[in-house]
Structure formats: structure tokens, C-alpha cells
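As a plain string of letters, each chain reads:
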Amino acid sequence: MKIESGDFVMPGDFLSVSEKFLPGQGAYEDYGSVKSGVPGNVLVDEEEKEISVISKSGGPNLLKVGDIVYGEIKDVRGQRALVSIYAKKGTNRELALPYMAAIHISQVTPSYIDKLTDAFRIGDLIEAKVVKIMGDNLDLNTEDIGLGVVKAMCTRCRTFMDPCNESEVYCPVCDRKEKRKVSKNYDY
Ligand SMILES: [Zn+2]
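Residues numbered from 1 in each chain as written. Predicted model: local features only at pLDDT ≥ 70, side-chain atom pairs only at ≥ 80, totals over all residues. Heavy atoms only, no water.

1. Structural notes on the domain arrangement of the protein chain
So, point 1. Split by domain assignment, the protein chain resolves into domain 1 (8-54) and domain 2 (68-151).
So, point 2. The distance between the C-alpha centroids of domain 1 and domain 2 comes to 27 Å. (Domains from an automatic or database assignment.)

Shown next as C-alpha cells:
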């Protein structure tokens, strides 16, 4: 089926092979395909060889690059932490998609870190910036001083911990410290 101007599409819907069209506004490239990043109406520009999706104003609450989001660390594996996004900072509106995100070890702090578990642990709540969007999948960055862990959970007893400095948190129950990428917005 060929996509035409005016067709209504949802995020992740196939629009074209990327050899034929470039992704314009509201579209993105995904392994040789151009797909829709937003719900809206297709706009095919045959001259520029560009395919866009125009979402209606006041439509669903979709994230964009540069947005600050809150999420929970679901897994820390090798070079990547996986994050479930639950809100965009500065709005109470529910997000339109169940966004999942990843933070690569190179995007955590301005300096080098040895292992990702020195920054995040499962159950931590974080504040992060959206740096890339592929449908309902995001890449995040926490380098800024106000970004990183805003609530850390003790790996031993699951108690929420107190911040010590920009790289350590303290569990009053276990009387021990753990490493984190602590945000200056840490929630006491
Ligand atoms: Zn503890």
C-alpha cells in the first residue's frame, strides 16, 4: 500500500523506504525505512523527496528533543541503562506514548565513568534530557548538574537514600554509601 498526502498515520507507521524519501518533520529513519514519529497527516513532497507527518496542534503530549523527563531505572546492563519514562517536567498531562529510553555510559557525566552501576541502579528515579527520538524509543543524557538521580534506592534494603555529594548517596538504615550520578535537584 502506498502512503499518500493526507493519510492519517500513527507513530511507528511505515511511510516509505529511505532510498525514495528523506524523513521530514514528524518522521524519522529506522533501518532503511522512513517512519512516522507522531500521530498526524502525511505530507509527501515529491520535489524535495521528503515525507513529513503534520500533527494537529493541541494533540497528544509527545516528547521532543531537549525535553526534560522523569523516569525510573529498569535495568543496568553493560554500557546502557534502560529507563521507563513516566512524565515530562513542567506538565501534568499524561504522555501520549509509553516511552522507553536508554542512557549510554558516555552520556551520563561530562567525565569518564568506569562502570554504569557507579551512576544508576535499578529502582532509582532520574531526571534526564531527551537527546534522540525514534518513535516511542528515546536516548537520554544526564550530564548537566541538575540531571541524574533524584531519588536513589539502596541496593541492600530498598530504602530511599540521602545525597552526600555529586557522586555519592547514603543509606541511614545500612549506614553505608553507594555511588550515583546525583542531580542537584535530588528529592530529599
Ligand atoms: Zn540500605
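2. Notes on the layout of surface pockets
So, point 1. One number sums up the size of the largest pocket: a volume of about 320 Å³.
So, point 2. Along the walls of the largest pocket sit 17 residues, with Thr109, Glu166, Ser167, Arg180 and Lys181 positioned nearest its centre. (1 Å grid on protein atoms, 1.4 Å probe; cavity = no way out; pocket = protein on both sides within 12 Å on 5 of 7 lines; lining within 4 Å. Points joined across faces, edges and corners; volume = space filled by probe spheres on them.)

3. Examining the UniProt feature "binding site: Zn(2+)" (unreviewed entry) in the protein chain
So, point 1. Mapped onto the present numbering, the UniProt feature "binding site: Zn(2+)" (unreviewed entry) falls on Cys154, Cys157, Cys171 and Cys174. Across 21 residues of sequence, these annotated residues stay compact in space, with a maximum C-alpha separation of 8.7 Å.
So, point 2. Given the relative accessible area of 0%, cysteine 154 is considered buried.
So, point 3. Other than its neighbours up to four places away in sequence, cysteine 154 contacts Thr159, Met161, Cys171, Cys174, Arg176 and Glu178.
So, point 4. Within the secondary structure, cysteine 171 sits in strand β15 (residues 168-171). (UniProt positions renumbered as here; feature names shortened; annotations may be inferred. Buried < 20%, exposed > 50% of the residue type's maximum accessible area, 1.4 Å probe, protein only. Contact = heavy atoms within 4.5 Å. Helix = DSSP H or I, 4+ residues; strand = E, 2+ residues; numbered from the N terminus.)

4. Details of the side chain of aspartate 75
So, point 1. With respect to the helices and strands, the residue aspartate 75 is situated in strand β8 (residues 68-77).
So, point 2. Engagement of the side chain of aspartate 75 in a polar contact is seen with the side chain of arginine 77, the distance being 2.6 Å.
So, point 3. In this structure, aspartate 75 is in contact with Arg80, Ala81, Leu82 and Ile122, ignoring residues within four places of it in sequence. (Polar contact = N/O pair within 3.5 Å; in protein donor to acceptor, adjacent residues only side chain to side chain.)

5. Remarks on the packing of aromatic side chains
So, point 1. Counted under the stated rule, the structure contains zero aromatic pairs.
So, point 2. Lying over the aromatic face of phenylalanine 160, lysine 151 brings its terminal NZ or CZ to 4.6 Å of the ring centre. (Phe/Tyr/Trp six-rings, centres within 6.5 Å; stacked < 30°, edge-to-face > 60°. Lys NZ or Arg CZ within 6 Å of the ring centre and 35° of its normal.)

6. Concerning unusual backbone geometry
Leaving glycine out, the prevailing phi sign among residues is negative, and the prevailing peptide bond configuration is trans.
So, point 1. Of note in the backbone geometry, arginine 158 takes a positive phi value of approximately 65° without being a glycine.
So, point 2. Positioned with a positive phi, aspartate 175 is a non-glycine residue whose angle comes to about 55°.
So, point 3. Assignment of secondary structure puts aspartate 175 in the loop between β15 and β16 (176-179).
So, point 4. For aspartate 175, a relative accessible area of 55% translates into the label exposed.

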